[in-house]
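Read off the chains here:
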Amino acid sequence: MKIAESNIVVTGGASGIGRALCERFVALGAANVVVADINETAAAASASAIGGSSQRCDVTDEASVKSLISNTIDTIGHIDLFCANAGVGAGGDINVSDEMWDISWRVNVLGPVYCARHVVPHMQSRGGGAFVVTASSAGLTTGPVSFNYATTKHAALGVAEWIAINHGPTITVSAICPTIVDTAMAAEFATTMTKPMSVNTVVDAAVKGITEGKFLITPAPMSLDLFRAKAQDYDAFLTQMQQRVDALRET
């Protein structure tokens, strides 16, 4: 996947990882970058700052996603790279509310599903394209993060994997799986995780992985190490995580 001269759409593009991706894509010579976000004002401001365009998009609303994609195609002709980046992290333990489960499911899982449903056929009709899901290391190894977040990020990773299997290699699929990142969402996990990684670290890894056509992008090496340990000995991995939770409870 070549970033330069490509037409790119990023959901959740007004802040955090999404905004940083948009900025980097422009710096790398993308032809068009569309900043899509539920916050229309923030999306417009972010787009103005980088010379891109913006559109309001609520990824939990399939009609809104369809409009984003169709309007983009009508305006700039086609989409080369689509980043299904919008996500939510708020949640809790076993008693987390049904409302929070619903929000997590609709944003973290159905969001990428709706995006894929409407952009993958377009890419296939053109003979290729790239689809990126911002998942999480919590989708690989769970860890002591919120119940609904970890579960739905597992599902988001499953969405990306299914698309890769069923629509590759025509569509190149990547799943970005960072640990906690230094964004507004980081505060929600402050008591359970180590120091957040920088947004630039995530974007560096993401761009490298996307351009190389890699599926699994893990900006923090420990994520891949834990994933391998989990696959090698699931029981030992669970014991390690249980010990980590116990240690956190004592702090």
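Coordinates for the structure precede this section.
Here we summarise the structure given alongside this text. (Residues numbered from 1 in each chain as written. Predicted model: local features only at pLDDT ≥ 70, side-chain atom pairs only at ≥ 80, totals over all residues. Heavy atoms only, no water.)

What to know about the nonpolar core
By size, the foremost hydrophobic cluster in this structure holds 35 residues, and its most contacted members are V65, L68, I79, F82, V119, F131 and I163. Residue assignment for this core shows that the elements contributing at least two residues are strand 2 (32-37), helix 3 (62-76), strand 4 (81-84), helix 4 (98-126), strand 5 (129-134), helix 6 (147-167) and strand 6 (171-176). Take this core: its biggest share by element is nine residues, from helix 4. If we skip the residues at most four places from it in the chain, L68 touches V9, T11, V34, A36, Q55, C57 and F82. A20, V33, A130 and V132 belong to the second largest nonpolar core, which has 30 residues in total. (Core = buried A, V, L, I, M, F, W, Y, C linked by side-chain atoms within 4.5 Å. Buried < 20%, exposed > 50% of the residue type's maximum accessible area, 1.4 Å probe, protein only. Helix = DSSP H or I, 4+ residues; strand = E, 2+ residues; numbered from the N terminus. Contact = heavy atoms within 4.5 Å.)

Some remarks on the pairing of strand 2
The buried fraction of strand 2 amounts to five of the six residues, a majority that puts the element mostly inside the structure. Here strand 1 (residues 7-11) pairs with strand 2 via five bridges, running parallel. Pairing of V9 across the sheet is with V34, part of strand 2. Taking the sense of rotation as the criterion, the β-α-β connection linking strand 1, helix 1 (residues 16-27) and strand 2 turns out right-handed. Bridge count for strand 2 against strand 3 (residues 53-56) is four bridges, and the pairing is parallel. Bridging across to strand 3, V35 finds its partner in S54. In the classification by handedness, the crossover that spans strand 2, the intervening helix 2 (residues 40-50) and the parallel strand 3 is right-handed. (Pairing = 2+ DSSP bridges. Right-handed = clockwise from strand over helix to strand, strands pointing away.)

Observations regarding the pattern of salt bridges
A full pass over the atoms with the stated rule returns six salt bridges. One salt bridge connects E23 with R19, and the closest N-O pair in it is separated by 3.3 Å. You can see E23 and its partner R19 sitting in helix 1, four residues apart, about one turn around the helix. On the basis of relative accessible area, E23 is assigned to the partly exposed category, the value being 38%. Two residues, K208 and E212, come together in a salt bridge whose shortest N-O distance is 2.9 Å. Here E212 and K208 lie together in helix 7 (residues 199-212), a separation of four residues that amounts to about one turn. Relative accessible area serves as the criterion here: at 45%, E212 is assigned to the partly exposed category. (Salt bridge = Lys/Arg side-chain N within 4 Å of Asp/Glu carboxyl O.)

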